[in-house]
Amino acid sequence: MIKDSGREKLSDKKFDSPASQEKFINKLFERLVALKVEFKNVDFSYCIFDAAYLRNCSFEDCNFTGCRFINSNLSGCSFNGCKFDYASFDKTQVDNDILDVGCPGPENLRLKFARSLRLNYQQIGDAKSANKAIGIELQATEDHLHKAWGSNESYYRKKYKGFERLKRFGEWVEFKLLDLVWGNGESTWKLFRAVLVVLLIIAGVHAIGFEDPSLIKSYGEALLISPQVFLGVLKPAIYPGPYLTVIFLVRLIMFGFFMSIIIKRFNRR
């Protein structure tokens with residue numbers, strides 16, 4: 001049966017004095033205002049903050065479990081020892097140091113927290129904070145996938161068994177490989193490094209398997225022509241069709257990765 005959740009709606013309220021040991025559980029705060037107010041051990045579990053203006057406030061050991069922040073302004077607020085399990089943010093101004101002090105402990109919750117803030121920062125056009133959130137999100141994803149198949153913690157062994165554990169191992173391997181190639185879409189340096197490795201392989205294959213005295217006298221010269229081979233400018237007649245096809249496919253994949261990184265960077269601005 002469906003019944004009322006008991007959520008109380010509080011509109012146009014203001015905190016004008018410090019709050020300590022208070023409980024505001026399952027409340028809907030509309031246009032809540034607080035300026036330079038200290039909150040200590042205040043329980044805001046499952047609250048919704050809609051169009052709230054909490055500027056330069058201090059939150060110490062507060063509980064924001066399951067909270068939603070919508071179109072709010074939390075600029076200048078500090079959060080020390082606060083709990084943000086299952087909290088979400090939408091078009092909210094909040095300093096990115098919340099990522100340093102507010103991330104939940106469990107990897108899966110840290111992942112969701114960083115992802116919510118990443119999307120939030122992208123919505124308000126804060127590219128620097130979005131990049132910071134992405135870094136934490138990727139690290140949390142790696143830790144979560146690794147523990148899903150390799151950890152003996154009861155939570156993971158109860159949730160991921162048999163084929164699901166094997167599936168998570170495959171996802172972890174894929175994540176690590178993509179991180180190695182292009183930082184999962186966040187590192188142009190890693191992509192450049194991967195292209196350099198491809199050029200070294202092309203040069204090695206040419207020097208060892210397709211040596212042509214008219215084109216090459218040393219591995220060093222093979223390395224010099226490898227960029228032309230990779231870009232399709234030079235197509236030695238001694239190369240078989242399947243080998244040229246492989247180089248073409250690798251070139252397309254690397255170019256696609258590069259364009260994806262560029263587009264993502266511009267989309268954040």
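Look above for the structure.
Residues numbered from 1 in each chain as written. Predicted model: local features only at pLDDT ≥ 70, side-chain atom pairs only at ≥ 80, totals over all residues. Heavy atoms only, no water.

A look at the overall build of the chain
At step 1: Regarding its fold elements, the chain presents 8 helices and 12 strands.
At step 2: In summary, the chain has a C-alpha radius of gyration of 26 Å against a globular reference of 18 Å for 269 residues, an excess of more than 25%.
At step 3: The proportion of buried residues among the 269 residues of the chain is 41%.
At step 4: Intrachain contacts of the chain at a sequence separation of at least 6 include 27% that bridge at least 24 residues.
At step 5: Of the accessible surface of the chain, which amounts to about 15,200 Å², a share of 59% is contributed by carbon and sulfur atoms.
At step 6: Of the side-chain charges in the chain, 38 are positive and 30 negative, and the distance between the mean point of each set is 3 Å. (Helix = DSSP H or I, 4+ residues; strand = E, 2+ residues; numbered from the N terminus. Rg over C-alpha atoms; globule rule 2.2 N^0.38 Å. Buried < 20%, exposed > 50% of the residue type's maximum accessible area, 1.4 Å probe, protein only. Contact = heavy atoms within 4.5 Å. Areas by Shrake-Rupley, 256 points an atom, 1.4 Å probe, with all protein chains shown as cover. Lys, Arg positive; Asp, Glu negative; His and termini not counted. Charge placed at Lys NZ, Arg CZ, Asp CG, Glu CD.)

A word on the pairing of strand β4 (residues 27–30)
At step 1: Neither face of β4 is left uncovered, since the one carrying K27 and F29 and the one carrying L28 and E30 both have all their residues buried.
At step 2: As paired elements, strand β1 (residues 8–11) and β4 share 4 bridges and run parallel to each other. Residue pairing for β4: S11 is matched across the bridge by E30.
At step 3: By the bridge criterion, 3 bridges tie β4 to strand β7 (residues 48–50) in an arrangement that is parallel. Residue pairing for β7: E30 is matched across the bridge by D50. (Pairing = 2+ DSSP bridges.)

Description of the sheet that holds strand β2 (residues 14–15)
At step 1: Here 3 strands make up an open sheet; going across it, the order is β2-β5-β8 and the pairing parallel. Edge positions in the sheet fall to β2 and β8 (53–55), since each has one partner strand and no second.
At step 2: The sheet contact formed by strand β5 (residues 33–35) and β8 spans 3 bridges and is parallel. Residue pairing for β8: A34 is matched across the bridge by L54.

So, the side chain of S187
At step 1: Residue position: S187 is located in the loop between α5 (163–182) and α6 (188–209).
At step 2: A polar atom in the side chain of S187 sits 3.1 Å from the backbone nitrogen of K190.
At step 3: When residues no more than four places from it in sequence are discounted, the contact partners of S187 are W182 and I261. (Polar contact = N/O pair within 3.5 Å; in protein donor to acceptor, adjacent residues only side chain to side chain.)

Remarks on the nonpolar core
At step 1: In terms of nonpolar packing, the biggest core is built from 38 residues, with F39, F44, F49, F59 and F64 touching the most fellow members.
At step 2: For this core, the secondary-structure elements that each account for two or more residues are α1 (98–101), α2 (107–124) and α3 (127–150).
At step 3: Discounting residues that sit within four places of it in the chain, F64 has contacts with F44, F49, F59, F69, F79, C82, K83, F84, D85 and A87.
At step 4: Counting 15 residues, the second largest nonpolar core, distinct from the first, contains W182, V198, I247 and M254. (Core = buried A, V, L, I, M, F, W, Y, C linked by side-chain atoms within 4.5 Å.)

Considering the sheet that holds β7
At step 1: One open sheet accounts for 5 strands, arranged β1-β4-β7-β10-β12; its pairing is parallel. The two strands at the open ends of the sheet, each matched to only one other strand, are β1 and β12 (88–90). Adjacent strand axes in the sheet meet at a mean angle of 10°, parallel and antiparallel pairs treated alike. (Axes fitted to C-alpha atoms, helices over the stretch in contact; angles between N-to-C directions.)

Observations regarding a nonpolar patch on the surface
At step 1: On the surface, a cluster of nonpolar side chains totalling about 600 Å² of accessible area is made up of W189, F192, L196, L200, Y219 and L223.
At step 2: Of all the secondary-structure elements, those providing two or more residues to the nonpolar patch are α6 and α7 (219–231).
At step 3: The dominant element in the nonpolar patch, judged by the number of residues it contributes, is α6, at 4 residues.
At step 4: Residue classification places L223 among the partly exposed positions, given a relative accessible area of 32%. (Patch = residues over 30% accessible without salt bridge, like charges linked within 9 Å, V, L, I, M, F, W, Y side chains within 5 Å. Salt bridge = Lys/Arg side-chain N within 4 Å of Asp/Glu carboxyl O.)

With respect to unusual backbone geometry
At step 1: One non-glycine residue, Y46, lies in positive phi territory at about 60°.
At step 2: When its relative accessible area of 45% is taken as the criterion, Y46 is described as partly exposed.
At step 3: Backbone geometry at A51 places phi at a positive 60°, although glycine is not the residue there.
At step 4: Note that A51 resides in the loop between β7 and β8.
At step 5: Taking the relative accessible area as the measure of exposure, A51 reaches 33% and is therefore partly exposed.

Topic: the packing of α5 against α6
At step 1: Across the interface, α5 lies against α6 with an axial gap of 5 Å and an inter-helix angle of 85°. By the criterion of interaxial angle, the relationship of α5 to α6 is roughly perpendicular. Contacts from D179, L180, V181 and W182 in α5 reach K190, L191, R193 and A194 in α6.
At step 2: Classifying every residue of the contact of α5 with α6 by side-chain character gives 5 nonpolar, no polar and 3 charged. (Parallel < 35°, antiparallel > 145°, perpendicular 65-115°, else oblique. Nonpolar A, V, L, I, M, F, W, Y, C, P; charged D, E, K, R; others polar.)

Remember that the coordinates give geometry; whether it matters functionally is a separate question.
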